Amino acid sequence: MRRFGRIFKRHGPLPQSGEPMQVIVNTNENTNGTLVLPLWQDSKNMAPGSESGVHRSLKNQIENILVEGDFKAKAGTAMTLAGTDGGKALLIGLGKEEDATPQVMRESGAKVTASCKKIHGKTLTVKFHGMEDAYMAAFVEGMILRDYSYDNYKTKDEDDDSDDRELKIHVTCEEEKHAALETSAETSSAVATGVYLARDLGNAPPNDLYPMEFARQAIEFGSTHDNVDVKVINYDEARTMGMGGLVGVGMGSYRKPCMVIFEINGDKPGPSPCIVGKGITFDTGGISIKPSPSMDEMKYDMHGSATTFGVMQALVASGHKDRVIGLTCMAENMPSSNAQRPGDVITTYSGKTVEVLNTDAEGRLVLSDGLWYAGTHLNPSYMIDLATLTGACVVALGHEASGLWSNNDELLNNIKEAGEHCGEIAWPMPLFKAFEKEMTDSKIADVRNLGAGRWGGSNTAAAFLKQFVPNMEGTDEQIPWAHLDIAGTAWGAKTNKLVKNGATGIHVRTLHHLITGQ
Ligand code: BES
Ligand code: ZN
Ligand code: ZN
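Residues numbered from 1 in each chain as written. Chains lettered and ligands numbered in written order. Predicted model: local features only at pLDDT ≥ 70, side-chain atom pairs only at ≥ 80, totals over all residues. Heavy atoms only, no water.

**Overview of the coordination of the zinc ion (ligand 2)**
Link 1 in the chain: Ligation of the zinc ion (ligand 2) by protein atoms is provided by Asp-283 (OD), Asp-360 (O), Asp-360 (OD) and Glu-362 (OE), these donors lying 2.0 to 2.2 Å from the ion.
Link 2 in the chain: Metal-centred angles of 69 to 166° between the six donor atoms at the zinc ion (ligand 2) mark the site as irregular.
Link 3 in the chain: If you list the donors of the zinc ion (ligand 2) from N- to C-terminus, the spacing comes out as D-x76-D-x1-E.
Link 4 in the chain: In this structure, the zinc ion (ligand 2) lies 3.2 Å away from the zinc ion (ligand 3), the two metals sharing Asp-283 as a donor. In this pair, Asp-283 sits in strand β9 (residues 272–283) while Asp-360 sits in the loop between β12 (353–355) and α10 (363–377), placing the two residues 77 residues apart along the sequence.
Link 5 in the chain: According to the relative accessible area criterion, Asp-283 is buried, its value standing at 3%. (Donors = N, O, S within 2.8 Å, 3.2 Å for Na, K, Ca; no water. Tetrahedral: all angles 85-135°; square planar, octahedral: opposite > 155°, others 65-115°. Helix = DSSP H or I, 4+ residues; strand = E, 2+ residues; numbered from the N terminus. Buried < 20%, exposed > 50% of the residue type's maximum accessible area, 1.4 Å probe, protein only.)

**Points about the pattern of salt bridges**
Link 1 in the chain: Using the criterion set out here, one finds 16 salt bridges in the structure.
Link 2 in the chain: Here Asp-344 makes a salt bridge to Arg-341, at a shortest N to O gap of 3.1 Å.
Link 3 in the chain: Here Asp-344 falls in the buried class, since its relative accessible area comes to 16%.
Link 4 in the chain: In this structure, Glu-436 engages Lys-433 in a salt bridge whose closest nitrogen and oxygen atoms are separated by 3.3 Å. Here the residue Glu-436 and the residue Lys-433 both occupy positions in helix α13 (residues 433–439), the gap between them amounting to three residues, near one helical turn.
Link 5 in the chain: Through salt bridges with shared partners, one network takes in Arg-106, Glu-141, Glu-424 and Arg-509. (Salt bridge = Lys/Arg side-chain N within 4 Å of Asp/Glu carboxyl O.)

**Observations regarding the coordination of the zinc ion (ligand 3)**
Link 1 in the chain: Taken together, the protein ligands of the zinc ion (ligand 3) are Lys-278 (NZ), Asp-283 (OD), Asp-301 (OD) and Glu-362 (OE), with distances of 2.0 to 2.4 Å.
Link 2 in the chain: Between the six donor atoms coordinating the zinc ion (ligand 3), the angles at the centre fall across 77 to 173°, so the site counts as octahedral.
Link 3 in the chain: Counting gaps between the donor residues of the zinc ion (ligand 3) yields the pattern K-x4-D-x17-D-x60-E.

**What about the sheet that holds strand β14 (residues 402–406)?**
Pairing between sheet strands relies on hydrogen bonds along the backbone, with the strands arranged either parallel or antiparallel.
Link 1 in the chain: Strand order in this open sheet of eight strands is β7-β8-β10-β9-β13-β17-β14-β15, and the pairing throughout is mixed. Edge strands, defined here as strands with exactly one partner in the open sheet, are β7 (228–233) and β15 (426–428). The average undirected angle you get between the axes of adjacent strands in this sheet is 20°.
Link 2 in the chain: Pairing of β7 with strand β8 (residues 258–264) involves six bridges; the strand directions are antiparallel. When the sheet's bridge partners are listed, Val-228 is paired in β8 with Ile-264.
Link 3 in the chain: Helix-sheet contacts for helix α12 (residues 409–422) involve β13 (380–387), β14, β15 and β17 (481–485), and the interaxial angle to β14 is about 160°. (Pairing = 2+ DSSP bridges. Axes fitted to C-alpha atoms, helices over the stretch in contact; angles between N-to-C directions. Contact = heavy atoms within 4.5 Å.)

**Focus on the confidence of the model for the protein chain**
Link 1 in the chain: The predicted model of the protein chain has a mean per-residue pLDDT of 95, with 96% of residues at 70 or higher.
Link 2 in the chain: In the model, residues 1–8 has pLDDT below 50 throughout and makes one contact with residues more than four positions away in sequence or in other chains. (pLDDT = per-residue confidence, 0-100.)

**With respect to the site of ligand 1**
Link 1 in the chain: If you check the shell around ligand 1, you find 16 residues, and the closest are Lys-290, Asp-301, Asp-360, Glu-362 and Gly-391.
Link 2 in the chain: For ligand 1, an oxygen atom lies 3.2 Å from a polar atom in the side chain of Lys-278.
Link 3 in the chain: Take Thr-388: an N or O atom from its main chain is 3.3 Å from a nitrogen atom of ligand 1.
Link 4 in the chain: For ligand 1, whose unbound accessible area comes to 520 Å², protein coverage reaches 78%. (Near = heavy atom within 4 Å. Polar contact = N/O pair within 3.5 Å; in protein donor to acceptor, adjacent residues only side chain to side chain. Areas by Shrake-Rupley, 256 points an atom, 1.4 Å probe, with all protein chains shown as cover.)

In structure tokens form, the structure reads like this:
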């Protein structure tokens, strides 16, 4: 009996990954632990000034290697040196100086943590010299972001201490650059707590992370921070309120749906930014069931909600003082005798009816209620939704960029710029009237949840969402709104060097930067 109890009910909170690594910014010459040396391509010696504090035999070894051309320092390469009595070193290739960008530097920083093995120990010293502030900041950010792995469900081997590695990284730079680097490293660490949280939520298995468990974690977050309020609209309330989109998607599951609303600094005046996340904790497709291969990946179908929660955490950790709203639409999309069917017509919270032609196009249904609720109850200055919405977006943009749609050019440009700044590309996509027409020509309802054909599937999905953006009060103009389709960017692709695998925490940094300017 006890065994079954453990299978069906988890006691206590879900395990979480640790805090970001400790980064200490120094101006002294000491080398603590392994020396980490970032090098421009084809360097023949260490940057003048960076040799001080490095033991002569290690310095000789490094310079021999560079002179011989044994380490060319191409971008994305690393070499470990050991065996002298001068300590160990990790050489990191930055590529050509003229090709450097913040993203190259972030990825180079990530290479440090990705290359770190037992031999390097737990303490490292990165020696910068003659490096721009923005590049050092990006390098440090990359080290922090890549130092994450989701090992919560692995049984620990008592003899192996590699999995409890907690890195401590000293970073040294010139005196005049110290203050700026220390500030940027602190901000990166604060924001990384939000990225880590989003990754934890995205990686959590769907048997343990279901809608009301997400709500429970959100409530716990609210109760541990004075400036955060969390409200949950549960299944019964959603039904009473007429949230037909959320209820229709979630009712087929034993794990019932809910809506979670975060408010940060609610005592400050609005209107305020509002982030809305798709939170399908598992998407089987429902009655329009998906094929089995890779269905496990549909646990990430709540990454929009994970990012939303992560942004809230990042804002709190970085000390943001203004009001910000988050809203997540949580449901599990399951087939069952109580599931919605293709052919059903539902009435959404907006009052608009939707013909459900495919139960696998469920993200747009839950978001229709989320956007309408946010726009009519939460006083947003703008709304940005994030959703692993369509496979078609992955076809269009691969894993390199999220799709970005907006009814407001200024908001679109601001998000695009924030994404570029953070190396999280959001690529503009069209909201043609023709797509809206396609989605509003249902024979029997106001809107249909499936395009007429399969072409332009990510655009028709965005056009569907636009039907549920309310007007600004007293006007016939919609609230500024943007939609980010993160289906291709929410989990680890080989091209994303800032994450080992699994959930990426995509756009926590973009949105934190957009909202705070930090
Ligand atoms: N969650 C999926 C979209 C998805 C696909 C995310 C692949 C990540 C990777 C979404 O709910 C879905 O199933 N969309 C359908 C829509 C279609 C039925 C109109 C799709 O993309 O096939
Ligand atoms: Zn689906
Ligand atoms: Zn989905």
